[in-house]
Amino acid sequence: EMKDPNMRRAWFMRYELALRQEASEAIDSLSWKWWKKMDDDWDNIKIELVDILHFWVSMCLTAGLSAKEVSALYFKKNELNHTRRDQGYKEGTYQKVVDGVEDNRHLLTEQGINQ
């Protein structure tokens, strides 16, 4: 765990930039340019996705998330997304913020994850 907050922030930003670049490289492996003849390169997309995963995992570790916490938060967030959908998120009737606290923040508290 990185103790220096400036170094931690810097590495997180580096990983984020690298992740975005790998995502761009994955998109560039598809024939999306209408002005250029090109075949889709799904083999390269697989490689880019692994690169994305590498940087995403690095970001999680930098943020202090364990694999167990990532898994728990993922399933809780999925559950919350379904609740939002079922309780009028699209229609604008779902109340996302209660007493000044967004519903997402409760997920961290439920999992005992410090900010």
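Just so we're clear, the structure is a prediction, and the values are computed from it rather than from any experiment.

Trainee: How do you make sense of the overall build of the protein when you look at a structure like this?
Mentor: When you go through the protein residue by residue, the secondary structure sums to four helices and two strands. Walking the protein from its N terminus toward its C terminus, one meets helices and strands in the order α-α-α-β-β-α. Over its C-alpha trace the protein gives a radius of gyration of 19 Å, far above what one expects of a compact globule, namely 13 Å for 115 residues. In terms of overall dimensions, the protein has C-alpha extents of about 55 × 45 × 25 Å along its principal axes. Sorting the 115 residues of the protein into buried and exposed places 22% on the buried side. Across the protein, the fraction of contacts at a sequence separation of at least 24, relative to all contacts at a separation of at least 6, is 45%. Of the accessible surface of the protein, which amounts to about 9100 Å², a share of 57% is contributed by carbon and sulfur atoms. Placing the 17 positive and 20 negative side-chain charges of the protein at their respective mean positions leaves the two points 3 Å apart.

Trainee: Looking at this model, I keep getting lost on the pattern of salt bridges. Mind explaining?
Mentor: Once the charged atoms of two side chains with opposite charge are near each other, the side chains can pair. For the coordinates displayed, the defined rule picks out seven salt bridges. Across the pair Lys 37 and Asp 39 runs a salt bridge, and its minimum N-O distance is 3.9 Å. Here Lys 37 matches Asp 39 in class, with each residue exposed. Measuring nitrogen to oxygen at the nearest pair gives 3.8 Å for the salt bridge that ties Arg 84 to Glu 102. Residue Arg 84 is found in helix 3 (residues 67-86), and its partner Glu 102 is found in strand 2 (residues 101-102); the two are separated by 18 residues along the sequence. When its relative accessible area of 6% is taken as the criterion, Arg 84 is described as buried. On the basis of relative accessible area, Glu 102 is assigned to the partly exposed category, the value being 28%. Via salt bridges that share partners, Arg 84, Lys 96, Glu 102 and Asp 103 belong to a single interconnected network.

Trainee: Looking at this model, I keep getting lost on the packing of aromatic side chains. Mind explaining?
Mentor: What characterises a pair of aromatic rings is the spacing of the ring centres plus the angle enclosed by the ring planes. Under the definition given, this model contains six aromatic pairs. Judged by centre distance (4.7 Å) and plane angle (90°), the rings of Trp 34 and Trp 35 are edge-to-face. The pair Trp 34 / Trp 35 is uniform in exposure class, with both members exposed. Summarising the aromatic geometry, the rings of Tyr 89 and Tyr 94 are spaced 6.0 Å apart at their centres and angled 65° between planes, so their arrangement reads as edge-to-face. In textbook terms, an aromatic cluster arises when at least three aromatic residues are bridged by ring pairs, as seen for Trp 11, Tyr 15 and Phe 55. Across the ring face of Trp 11, the terminal group of Arg 14 is positioned such that the distance to the ring centre comes to 4.6 Å.

Conventions used here
- Residues numbered from 1 in each chain as written.
- Predicted model: local features only at pLDDT ≥ 70, side-chain atom pairs only at ≥ 80, totals over all residues.
- Heavy atoms only, no water.
- Helix = DSSP H or I, 4+ residues; strand = E, 2+ residues; numbered from the N terminus.
- Rg over C-alpha atoms; globule rule 2.2 N^0.38 Å.
- Buried < 20%, exposed > 50% of the residue type's maximum accessible area, 1.4 Å probe, protein only.
- Contact = heavy atoms within 4.5 Å.
- Areas by Shrake-Rupley, 256 points an atom, 1.4 Å probe, with all protein chains shown as cover.
- Lys, Arg positive; Asp, Glu negative; His and termini not counted.
- Charge placed at Lys NZ, Arg CZ, Asp CG, Glu CD.
- Salt bridge = Lys/Arg side-chain N within 4 Å of Asp/Glu carboxyl O.
- Phe/Tyr/Trp six-rings, centres within 6.5 Å; stacked < 30°, edge-to-face > 60°.
- Lys NZ or Arg CZ within 6 Å of the ring centre and 35° of its normal.

Everything listed here is a matter of coordinates, which is why it stays silent on function.
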